[in-house]
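Here are the chains, one letter per residue:
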Amino acid sequence: GSSTSYLRVSTTLTKDTVPYQINSEMRIYPNNAADPIPVLTIEPGVVVHFAPATELQIGNSSQLQGGLYAVGTAEEPIVFTSSNSSPLAGDWDRLNFPAGGTTADLSEVQHTIIEYAGYSSFDPVILRVDINFENNIIRNCNNNALFISQASPVVQNNRFENNGGYGVEIQQ
């Protein structure tokens with residue numbers, strides 16, 4: 001996407017009959033280091049649709065941190081998907097957790113479905129932070145499903161289905 005939006009205050013996406021739509025690059029971090037750290041909380045059962053070539057970036061650095069608390073349930077997973085009516089692998093970019101941008105106290109991703117991501121050469125989920133990433137499904141995406149770089153996240157009980165590359169790539 002060409003435009004960028006910022007989430008500067010903590011917000012909760014509640015389960016709703018209408019899916020949420022992200023139409024630009026979305027960044028979650030404060031305007032300056034003195035401001036409170038914003039956390040996006042997503043309730044079980046919420047569906048988030050991403051326009052083509054958009055991403056969700058959680059935090060920017062250890063000085064400008066953000067949080068993503070996306071904890072669904074087995075019965076009501078949180079879904080991150082394409083906004084296209086006939087979705088394809090690579091429709092949207094990724095969930096991006098840059099180095100220092102968040103901590104396990106601020107972010108957790110559990111019982112989510114991440115699908116149709118991996119736009120261009122981007123892997124659908126980039127983890128450069130030590131958070132819990134458990135019981136998720138990454139499916140129908142381009143590239144490697146999960147990229148971990150210079151971090152030690154807790155990654156367990158995830159499923160990788162019908163993606164373009166490896167399930168997990170680790171770069172130390």
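Reading the values: rules and limits
Within each chain, residue numbers correspond to sequence positions counted from 1 in written order. Totals for whole chains, interfaces and linings use every residue, but because this is a predicted model, local features are given only for residues with pLDDT of at least 70 and side-chain atom pairs only at 80 or more, for both listing and counting. Side-chain descriptors were evaluated using all non-hydrogen atoms of the structure, hydrogens and water having been removed beforehand. The pairing criterion is simple: DSSP has to find at least two bridges between the two strands. Strands are runs of DSSP state E lasting at least two residues, helices are runs of H or I lasting at least four, and both sets are numbered from the N terminus onward. To get an axis, fit a line to the C-alpha atoms, keeping to the stretch in contact for a helix; angles then go from 0 to 180 degrees between the N-to-C directions. Burial classification: accessible surface area is computed with a 1.4 Å probe over protein chains only, and a residue below 20% of its type maximum counts as buried, one above 50% as exposed, and the rest as partly exposed. Here a residue-residue contact requires only that any non-hydrogen atoms of the pair lie within 4.5 Å. Paired rings are identified among Phe, Tyr and Trp, the last through its six-membered ring, by centres lying within 6.5 Å, and are further divided according to the angle between planes into stacked (under 30 degrees), edge-to-face (over 60) and tilted (the rest). Whenever a carboxyl oxygen of Asp or Glu lies within 4 Å of a side-chain nitrogen of Lys or Arg, that contact is scored as a salt bridge.

S.K.: So, the sheet that holds strand 17 (residues 154–156): which residues are in play, and what are the values?
M.R.: A sheet is described by the order of its strands in space; here six strands give the open sequence 2-5-8-11-14-17, paired in parallel fashion. Since the sheet does not close on itself, it has two edges, and those belong to strand 2 (11–13) and strand 17, each with one partner. Adjacent strand axes in the sheet meet at a mean angle of 15 degrees when their direction is disregarded. Examined bridge by bridge, strand 5 (residues 39–42) and strand 8 (residues 67–71) share four bridges and lie parallel to one another. The partner of L40 across the bridge, within strand 8, is L68.

S.K.: Quick one: what's the story with the environment of T12, residue by residue and with numbers?
M.R.: Its location among the elements puts T12 in strand 2. For T12, a relative accessible area of 43% gives the class partly exposed. Along the chain, T12 and L146 lie 134 residues apart, while their C-alpha atoms are 25 Å from each other. If near-sequence neighbours (up to four positions away) are discounted, T12 is found in contact with T41 and E43.

S.K.: How would you summarise the environment of P52 if you had to cite specific residues and measurements?
M.R.: Tracing the backbone through its elements, the reader meets P52 in the loop between strand 6 (47–50) and strand 7 (56–58). For P52, a relative accessible area of 47% puts it in the partly exposed group. In this structure, the C-alpha to C-alpha distance between P52 and I22, residues 30 residues apart in sequence, is 9.5 Å.

S.K.: Go over the packing of aromatic side chains with me, naming the residues and quoting the values.
M.R.: Throughout the structure, instances matching the rule amount to three aromatic pairs. Relative to F80, the ring of F50 has its centre 6.3 Å away and its plane inclined at 45 degrees; by these criteria the two rings are tilted. Of this pair, F50 sits in strand 6 while F80 sits in strand 9 (residues 78–82), and the two are 30 residues apart along the sequence. By relative accessible area, F80 is classed as buried at 1%. Between F50 and W92 the ring centres are 4.0 Å apart and the planes differ by 5 degrees, which places this aromatic pair in the stacked class.

S.K.: I'd like a rundown of the sheet that holds strand 10 (residues 95–97), residues and numbers included.
M.R.: The strand order 1-4-7-10-13-16-19 describes an open sheet built from seven strands, whose pairing is parallel. The open sheet terminates on both sides in strands that have one partner only, identified here as strand 1 (4–7) and strand 19 (168–171). Averaged over all neighbouring strand pairs, the angle between strand axes comes to 15 degrees, with direction disregarded. Sheet topology places strand 16 (residues 146–149) next to strand 19; four bridges connect them, and they run parallel. By the bridge assignment for strand 19, L146 is matched with V168.

S.K.: Any details on the pattern of salt bridges? Residues and values, ideally.
M.R.: Tallying each qualifying case throughout the model produces six salt bridges. R94 is paired through a salt bridge with E55; the nearest N and O atoms lie 2.5 Å apart. Residue R94 is found in the loop between strand 9 and strand 10, and its partner E55 is found in the loop between strand 6 and strand 7; the two are separated by 39 residues along the sequence. Take R94 and E55: they sit in the same class, and that class is buried. Where E115 meets R139, a salt bridge forms, and the shortest distance between an N and an O atom there is 2.8 Å.

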